[in-house]
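Residue-level listing of the chains:
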Amino acid sequence: MSAHGTTTAPATVTRTVLALDALTVGYAGAPVVDRLTLDVAPGDVVALLGANGAGKTTLLRTVSGLLVPRSGRVLLDGDDLTTTPVEERARRGLAQVPEGRSVVAELTVEENLTLGALWKVPGRRARRAAIAELYEQFEPLARRRRALGHQLSGGERQMLALARALVSQPRVLLLDEPSLGLAPRVVAQLMGVLRDTARRTGLTVLLAEQNVTSALSVADRGVVLALGKVVADAPAADIAADPALRHAYLGF
Ligand SMILES: Nc1ncnc2c1ncn2[C@@H]1O[C@H](COP(=O)(O)OP(=O)(O)OP(=O)(O)O)[C@@H](O)[C@H]1O
Ligand SMILES: [Mg+2]
């Protein structure tokens, strides 16, 4: 407290929602993620970049709890979740959209969303309200609410996978290659929805992408992985403007 009695925190204090502390993860053989440390501030949209096999998916799966690291820690709001089961991490606000836009093909859009909300949003009325709110952001889905999963286009399916993860109002969203196989126009639409959602709700996003340009267009910050290590961590605009970095690690 200062002489004037104020209790304002110093400007240098930064808050962290997600902290990865010296994570080492592997399958058989050499580690794929190697003593990786990363702090993510609330509301930050972080593009996780790197060539094929750099370790992006492995890292996301370790954060969501599908993989257990050999060493190091995953912290959410300072709580150590390194060995916490996937479901409990989800309950605490971690949501993952894995690669491949998995939606239930035999269910309608609305049923898929209801399923996503089922055990995370208690009460039928609250679930209906949460889904109605999503339809306002995801207009293409609102128009297709009675369509079955298998009747959707690739872009609609990816949008549904994203909406289903958001229906529980997570604090941290982990997205793996959402743009894969989609037309540029559809990717732009998807990234637009993601950016709007993040701005409006303060959602924190870790976005793994091979589509570097798209990812950097929505991200605040870019983190480049190579051989499981962070080789660059900078504002998204700086990474986009660094040709040497792009050539060395991102292939363009
Ligand atoms: N289930 C697995 N078993 C064994 N090795 C794996 C497994 N999954 C990934 N790997 C290996 O780990 C390394 C990192 O893979 P990972 O999928 O994390 O990379 P990535 O950055 O997501 O790549 P991509 O851009 O191709 O999606 C690669 O060498 C890969 O072959
Ligand atoms: Mg991957």
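Preceding this paragraph is the structure being described.
Throughout, a residue's number is its position along its own chain's written sequence, starting from 1. For naming, the first written chain is A and the first written ligand is 1, with later ones following in the order written. pLDDT decides what is reported in this predicted model: residues at 70 or higher carry local features, side-chain atom pairs at 80 or more are listed and counted, and totals for whole chains, interfaces and linings draw on all residues regardless.

Account for the overall build of the chain, naming residues and giving values.
Counting its regular elements, the chain contains ten helices and ten strands. Taken over the C-alpha trace, the chain has a radius of gyration of 19 Å; the compact-globule value for 252 residues is 18 Å, and the two agree within 12%. Relative to its full complement of 252 residues, the chain shows a buried share of 39%. Note on contacts: each residue gets a C-beta atom placed from the backbone, and two residues are in contact if those atoms are within 7 Å. Long-range contacts, defined here as pairs at least 24 residues apart, represent 67% of the contacts in the chain between residues at least 6 apart. Helix and strand definitions here come from DSSP, where helices need a minimum of 4 consecutive H or I residues and strands a minimum of 2 consecutive E residues; each element is numbered from the N-terminal end. All radius of gyration figures rest on C-alpha atoms, and the globule criterion is 2.2 Å times the number of residues raised to 0.38. Working definition of burial: number of other C-beta atoms within 10 Å of the residue's own, with buried at 20 or more, exposed at 12 or fewer, and partly exposed in between, all C-beta atoms being placed from the backbone.

Can you tell me about the sheet that holds strand β1 (residues 18-26), naming the residues and giving the values?
Two orientations exist for strands paired in a sheet by backbone hydrogen bonds: parallel and antiparallel. Here the rule is simple: two strands pair whenever DSSP picks up at least two bridges between them. Here four strands make up an open sheet; going across it, the order is β2-β1-β4-β5 and the pairing antiparallel. In this open sheet, the two strands that pair with only one neighbour each are β2 (31-40) and β5 (79-80). In terms of strand pairing, strand β4 (residues 71-76) meets β5 through two bridges, oriented antiparallel. Within the sheet, the bridge partner assigned to leucine 75 lies in β5 and is aspartate 80. Where helices are involved, their axes are fitted lines through C-alpha atoms of the stretch in contact, as for all axes, and angles between N-to-C directions lie from 0 to 180°. Contacts between helix α1 (residues 56-64) and the sheet are confined to β1, β2 and β4, with β2 contributing the most and set at about 60° to the helix.

I'd like a description of the site of ligand 1, backed by residues and values.
The local shell around ligand 1 consists of Tyr27, Val32, Gly50, Asn52, Gly53, Ala54, Gly55, Lys56, Thr57, Thr58 and Gln210. Ranked by residues supplied to the shell around ligand 1, first place goes to α1 with three residues. Residue polarity is assigned by list, with Asp, Glu, Lys and Arg as charged and Ala, Val, Leu, Ile, Met, Phe, Trp, Tyr, Cys and Pro as nonpolar; anything else, Gly included, falls into the polar class. When the residues that make up the shell around ligand 1 are grouped by side-chain class, the tally is three nonpolar, seven polar and one charged. Think of it this way: take the backbone, place a C-beta atom on it, and check whether that atom is within 6 Å of the molecule or strand, in which case the residue is near it.

Give me unusual backbone geometry: which residues, what numbers.
One non-glycine residue, aspartate 77, adopts positive backbone phi at about 55°. Assignment of secondary structure puts aspartate 77 in the loop between β4 and β5. Judged by the 15 C-beta atoms lying within 10 Å of it, aspartate 77 is partly exposed. With a phi close to 50°, leucine 227 is a non-glycine residue in the positive phi region. With respect to the element layout, leucine 227 can be found in the loop between β9 (221-226) and β10 (229-235).

Lay out the environment of glycine 50 with the relevant residues and their values.
Looking at where glycine 50 falls in the secondary structure, it is placed in the loop between β3 (45-49) and α1. Residue classification places glycine 50 among the buried residues on the basis of 26 C-beta atoms within 10 Å. Spatially, the C-alpha atom of glycine 50 lies 8.5 Å from that of alanine 208, the residues being 158 residues apart in sequence. Not counting the four nearest positions on each side in its chain, glycine 50 is found in contact with Gly55, Lys56, Val224, Leu225, Ala226 and Tyr249.

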